Amino acid sequence: MTDRIPWDQYFMSQSMLLAMRSTCTRLSVGATIVREKRVISGGYNGSVSGDVHCSEHGCYLIDGHCARTVHAEMNALLQCAKFGVKTEGADIYITHFPCLQCTKTIIQSGIRKIFFLKNYHNHSYALKLLEQANIKVEQVAVPEDLFQNIGDYYKADLTSDIRDS
Ligand SMILES: [Zn+2]
Ligand SMILES: [Zn+2]
């Protein structure tokens, strides 16, 4: 691998991987919370611990929204609460622009910057609140062939490891 991956692409890639753990079939979202260039927490959208998964039982829809899932951003923030990790001054990397509820929660948590990959029903009130709270919002572009390149780079090593073991 020749190019060194920029931090914003690196952290966004973590969120993209986390999104692959999502159990809701409507949308796969991943969120990574970062402080001083270190990952402090991560989450994806899924059921409350112990409940069934949408991927097996279908979504529980109320007013067009899946009521079963905890959003990725909330799960990442709650992991910080659970383990006593400070979120003040942190950044969050999300695969999709946050919904209004998550936006409000992110603001209250003291997070100072939101990086997102895809626009997703960007709510005008969310945008207004973020501006009011002076929270920076930046869209990150991840090269289309990033994961392909990683796969290509390790392909030979992975197969030789299997051969040798
Ligand atoms: Zn669902
Ligand atoms: Zn949300």
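Residues numbered from 1 in each chain as written. Chains lettered and ligands numbered in written order. Predicted model: local features only at pLDDT ≥ 70, side-chain atom pairs only at ≥ 80, totals over all residues.

Student: Which residues make up the UniProt feature "domain: CMP/dCMP-type deaminase" (unreviewed entry) in the chain, and what values do they have?
Tutor: Summarizing the sequence annotation, UniProt attributes the feature "domain: CMP/dCMP-type deaminase" (unreviewed entry) to residues 6-138 in the numbering used throughout. The distance from the first to the last C-alpha atom of residues 6-138 is 15 Å, and the span holds 35% helix and 27% strand. (UniProt positions renumbered as here; feature names shortened; annotations may be inferred. Helix = DSSP H or I, 4+ residues; strand = E, 2+ residues; numbered from the N terminus.)

Student: Tell me about the packing of helix α3 (residues 72-83) against helix α4 (residues 100-108), and please be specific about residues and values.
Tutor: Here α3 crosses α4 at 25 degrees, and the two axes come no closer than 9 Å. One way to sum up the angle between α3 and α4 is to call them roughly parallel. Relative to α4, α3 is oriented so that their crossing is left-handed. Residues Glu73, Met74 and Leu77 of α3 form the contact with α4, whose own contacting residues are Cys102, Thr105 and Ile106. By residue class, the composition of the contact of α3 with α4 is four nonpolar, one polar and one charged. (Axes fitted to C-alpha atoms, helices over the stretch in contact; angles between N-to-C directions. Parallel < 35°, antiparallel > 145°, perpendicular 65-115°, else oblique. Left-handed = near helix turned anticlockwise from the far one by under 90°. Contact = placed C-beta atoms within 7 Å. Nonpolar A, V, L, I, M, F, W, Y, C, P; charged D, E, K, R; others polar.)

Student: Help me get a handle on α3, residues and values and all.
Tutor: Between its terminal C-alpha atoms α3 stretches 17 Å, which fits the 16 Å expected from 12 residues at 1.5 Å a residue. Listed as buried for α3 are Ala72, Glu73, Asn75, Ala76 and Leu77. On its buried face, α3 is in contact with α1 (7-19), β1 (30-35), β2 (38-44), β6 (69-70), β7 (91-96) and α4. In the segment just after α3, Gly84 is the residue with positive phi, at about 70 degrees. (Expected span 1.5 Å × (residues − 1). Buried ≥ 20, exposed ≤ 12 C-beta atoms within 10 Å, placed from the backbone.)

Student: Outline α4, listing residues and values.
Tutor: Note that an α-helix has 3.6 residues per turn; residues three or four places apart therefore point the same way. All of the buried residues along α4 are Cys102, Thr103 and Ile106. In an axial view of α4, the angular spread of the buried residues amounts to 105 degrees, which keeps them on one side of the axis. Residues of α4 that are buried in the fold lie against α3, β7, β8 (113-118) and α5 (124-132). Looking one or two places after α4, you find Gly110, whose phi comes out positive at around 90 degrees. (Arc of directions from axis to C-beta.)

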